[in-house]
Amino acid sequence: MKLYRLITGTDDSAFCHRVTQALNDGWALHGSPSISFDTAKGTTICGQAVVKEAEGTYSPDMKLGEQ
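Numbering of residues starts from 1 in every chain and runs along the sequence as written. Thresholds applied to this predicted model are a pLDDT of at least 70 for local features of residues and 80 or more for the giving and counting of side-chain atom pairs; totals over whole chains, interfaces and linings are not thresholded and use all residues. Excluding hydrogens and water, the side-chain figures rest on all heavy atoms present in the structure.

Just give me the short version of helix H1 (residues 13-24), but keep the residues and values in it.
Across its twelve residues, H1 extends 16 Å between first and last C-alpha, which sits within 8% of the 16 Å expected from 1.5 Å per residue. Within the sequence span of H1, burial applies to Phe15, Val19 and Ala22. Considered in projection along H1, the buried side chains sweep an arc of 60° and stay on one side of the axis. Within H1, the exposed residues directed more than 90 degrees away from the buried face are Ser13, His17 and Asn24. Buried positions along H1 lie against strand S1 (2-10), strand S2 (28-29) and strand S4 (43-53). Whenever two N or O atoms come within 3.5 Å, that pair is a polar contact, provided that in protein one can donate a hydrogen and the other can accept it, and provided that, for residues adjacent in sequence, both atoms are side-chain atoms. Think of it this way: any DSSP run of H or I at least four residues long counts as a helix, any run of E at least two long counts as a strand, and we number them from the N terminus. Between the side-chain oxygen of the N-cap and the backbone nitrogen of Ala14 there are 3.2 Å, and the N-cap of H1 in question is Asp12. Backbone geometry just downstream of H1 places Gly26 in the positive-phi region, at approximately 100°. Expected span of a helix: the number of residues minus one, times 1.5 Å. Using a 1.4 Å probe on the protein chains alone, a residue whose accessible area is under 20% of its type maximum counts as buried, one over 50% counts as exposed, and one in between counts as partly exposed. Along the arc lie the directions from the helix axis toward the C-beta atoms. Contacts were defined at the residue level, with two residues in contact if any of their heavy atoms lie within 4.5 Å.

Okay, structure coming up:
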């Protein structure tokens, strides 16, 4: 089965570490990153989609970050 996640967070080193961890856990980048500015908080928000092939059958109860 193919799994999909969208990693989001403030544009900081913690976001980059989360994406790096996903890559090292077998996930692959899917498309370009996105950036948005939250005017209420005054912060830049990033998003990066990742995909992964996995064994088994998909279920909505799966915790994708643990796959």
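Alright, that's what it looks like, and here's the rest.
I'd like a rundown of the side chain of Lys52, residues and numbers included.
Residue position: Lys52 is located in strand S4. For this count, His and the chain ends are skipped, Lys and Arg are scored as positive, and Asp and Glu as negative. By definition, a salt bridge exists where a carboxyl oxygen of Asp or Glu is found within 4 Å of a side-chain nitrogen of Lys or Arg. Comment: no salt bridge for buried Lys52; closest opposite-charge side chain is Asp25, at 6.6 Å. A polar contact is formed between the side chain of Lys52 and the backbone oxygen of Asp25, at a distance of 3.0 Å.

Could you give an account of the pairing of S4, naming the residues involved and the relevant values?
Sheet topology note: the S1/S4 ladder contains nine bridges and is antiparallel. Across the sheet, residue Arg5 finds its bridge partner in S4, namely Val50. Strand pairing is assigned whenever DSSP detects at least two bridges linking the two strands. Here S2 runs beside S4; their pairing, made up of two bridges, is antiparallel. Directly across from Ala28, in S4, lies its bridge partner Val51. Bridge count between strand S3 (residues 34-38) and S4: five bridges; the pairing is antiparallel. What sits directly across from Ile35, in S4, is Cys46.

Mind laying out the environment of Asp61, listing which residues take part and the relevant values?
When you line up the elements, Asp61 lands in the segment after S4. The exposure class of Asp61 is exposed, given its relative accessible area of 70%. Sequence separation between Asp61 and Gly31 is 30 residues, and the spatial gap between their C-alpha atoms is 25 Å.

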